[in-house]
Amino acid sequence: MTAPEVVAAHRAAVGADPDLDRCPIMGTYAPPTVEFVRGEGSWLWDRDGRRYLDLLSGLAVTSLGHAHPEVADALAEQSRTLLHVSNLFATEHAPVVASTLDRLLGGGGQVFFANSGAEAVECALKLARKWGPAPSGRYQVVSAWGSFHGRTLAALAATGQPAKHEPFQPLPEGFRHVPFDDLDALDAAVTPDVAGVLLEAVQGEGGVQPAGTEYLRGVREICTERGVLMMVDEVQTGLGRCGAWFAHQRAGIRPDVVTMAKALGNGVPIGACWATAEAAAAFAPGDHATTYGGQPLATAAARAVLEVMEREDVPERANRAGARFADALLGTAHVDSVRGHGLLLAVELTVPSAEVAAELFAAGVVVNAVTPTALRLAPSLLISDAEVDAGVAAIVDAAAAVAGRTGGSEGPA
Ligand SMILES: *Cc1c(COP(=O)(O)O)cnc(C)c1O
């Protein structure tokens, strides 16, 4: 009934003979539970033809829903026209995508194209080191506990999660962590050897924890005063997800560096690191590169994504749909609170979130348990009201089912 890969993963998970039917994919992920074969808008279909409401979007990636026709057309056309020529030559879409991103970020900056979130962060970290030139001895980067910046060694070093560091010591040197959303701690950490501060405006993997407006403004002031780059990692929060083009814009600040990726290709791998022209000037030809960066297929996808996003005014749609989720969920049994911005939400439950997520999956709804007590919702920014309402009803039912089984508390309602 399911694909051989799923069966093999199950076999491995239950300790069955690992040499028999074993899938040669490294065991870095938990065994999959289903094979998806098709998607459309907010919906996914598995191998058995079963339909699922996708409230996760491949972890905030398919922000325009699955199989968006304009993105699909752009990809099909580009694949028949030109796939790759290298960064020795100019191509059609990269300058257009860079200009659009620069405009959405307030203008006056420049873009480096990467292939993932971690690579966008890697670019920012290298830029910070080049910005704090070697003779000055400024190379430290300050980031927050609970943060997530990716899995390459430098991005991992910036990530504020010691358990993820442990197996890979020694990590690159020059990273310092402070408590998130604590301005005094950041103030004390930005000493004369610091070149940059790297923060998420909402910690996504860290449990959907928004930074306070005053905190972000205070960080901006400290960085300006001390000539340190303020770098905001918007890989998860960027491109409309949080009800603004970029989540930091809610605080009315302008960072020196912004990283993005997940939503930019709607599922086609692409990342970008934007920096003010002044900061970007630290890079000279030869300082940084990647073979696929800005290549025609990925930038054709990103160009189509940005056109649809602007036409649909996705920040406004995220705000409206996010408010609809929060209003409907608040006050229901077993929901304690809802936090986040736009359509990056954590639903704090009074019952175990992993059990509710499993119950939801069995009922055909995809979410993720982002902490032991909270579900993360990151649906398509084009989600309809009816789909929001169906999602809410499913969450309420799933939480009630788990509470009924475990005798969980009733919550505030
Ligand atoms: C997902 C994520 C990354 C890493 O992106 P990859 O594409 O997985 O390398 C970095 N920063 C943040 C904030 C993220 O959410």
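Given the structure is predicted, the values throughout are model-derived calculations rather than measurements.

Undergrad: Just to check I follow, could you spell out helix α13 (residues 353-362) for this structure?
TA: Residue pairs spaced three or four apart in an α-helix point in one direction, given the helix's 3.6 residues per turn. Listed in full, the buried residues belonging to α13 are Ser353, Val356, Ala357 and Leu360. The arc that holds every buried residue of α13, seen down its axis, measures 100°, which confines them to one face. Turned more than 90 degrees away from the buried face of α13, the exposed residues are Ala354 and Ala362. Buried residues belonging to α13 abut β14 (344-349), β15 (365-366), β16 (368-371), β17 (374-377) and α14 (385-406). Downstream of α13 by one or two residues, Gly364 has phi in the positive range, about 90°.

Undergrad: Before we go on, may I ask you to explain unusual backbone geometry in this structure?
TA: As a rule of thumb, non-glycine residues mostly have phi less than zero, and peptide bonds are mostly trans rather than cis. Backbone torsion omega between Gln169 and Pro170 reads 0°, so that peptide bond is classified as cis. Phi at Leu59 takes a positive value of approximately 65°, unusual for a residue other than glycine. With respect to the element layout, Leu59 can be found in helix α2 (residues 57-60). Within the chain, Ser86 stands out as a residue other than glycine whose phi angle is a positive 90°. Tracing the chain through its elements places Ser86 in the loop between α3 (69-79) and α4 (93-104).

Undergrad: Mind showing me how you'd approach the packing of aromatic side chains here?
TA: For any pair of aromatic rings, the description rests on two quantities: the centre-to-centre distance and the angle between the ring planes. Under the criterion given, the structure shown has three aromatic pairs. Centroid distance Tyr52 to Phe361: 5.1 Å. Interplanar angle 35°. Geometry classified as tilted. Pair noted here: Tyr52 is in strand β3 (residues 51-54) and Phe361 is in helix α13, with a separation of 309 residues, a long-range link. In this structure Tyr52 comes out as buried when scored by relative accessible area, which is 3%.

Undergrad: Would you take a moment to explain the pattern of salt bridges for this structure?
TA: Per the stated rule, a full pass over the model turns up 19 salt bridges. Between Arg47 and Glu35 there is a salt bridge, and its shortest N-O distance comes to 3.0 Å. In this pair, Arg47 is assigned in the loop between β2 (43-46) and β3 and Glu35 in the loop between α1 (4-13) and β1 (36-40), connecting sequence segments 12 residues apart. Judged by its relative accessible area of 19%, Glu35 falls in the buried class. One salt bridge connects Glu307 with Arg303, and the closest N-O pair in it is separated by 3.7 Å. Placement of both Glu307 and Arg303 in helix α11 (residues 296-312) is noted, with a separation of four residues, approximately one turn of the helix. Of the residues examined, Arg303 reaches a relative accessible area of 25% and is grouped as partly exposed. What emerges from the salt-bridge pattern is a single network uniting Glu92, Arg303 and Glu307.

Calculation criteria
Residues numbered from 1 in each chain as written. Predicted model: local features only at pLDDT ≥ 70, side-chain atom pairs only at ≥ 80, totals over all residues. Heavy atoms only, no water. Buried < 20%, exposed > 50% of the residue type's maximum accessible area, 1.4 Å probe, protein only. Helix = DSSP H or I, 4+ residues; strand = E, 2+ residues; numbered from the N terminus. Arc of directions from axis to C-beta. Contact = heavy atoms within 4.5 Å. Phe/Tyr/Trp six-rings, centres within 6.5 Å; stacked < 30°, edge-to-face > 60°. Salt bridge = Lys/Arg side-chain N within 4 Å of Asp/Glu carboxyl O.

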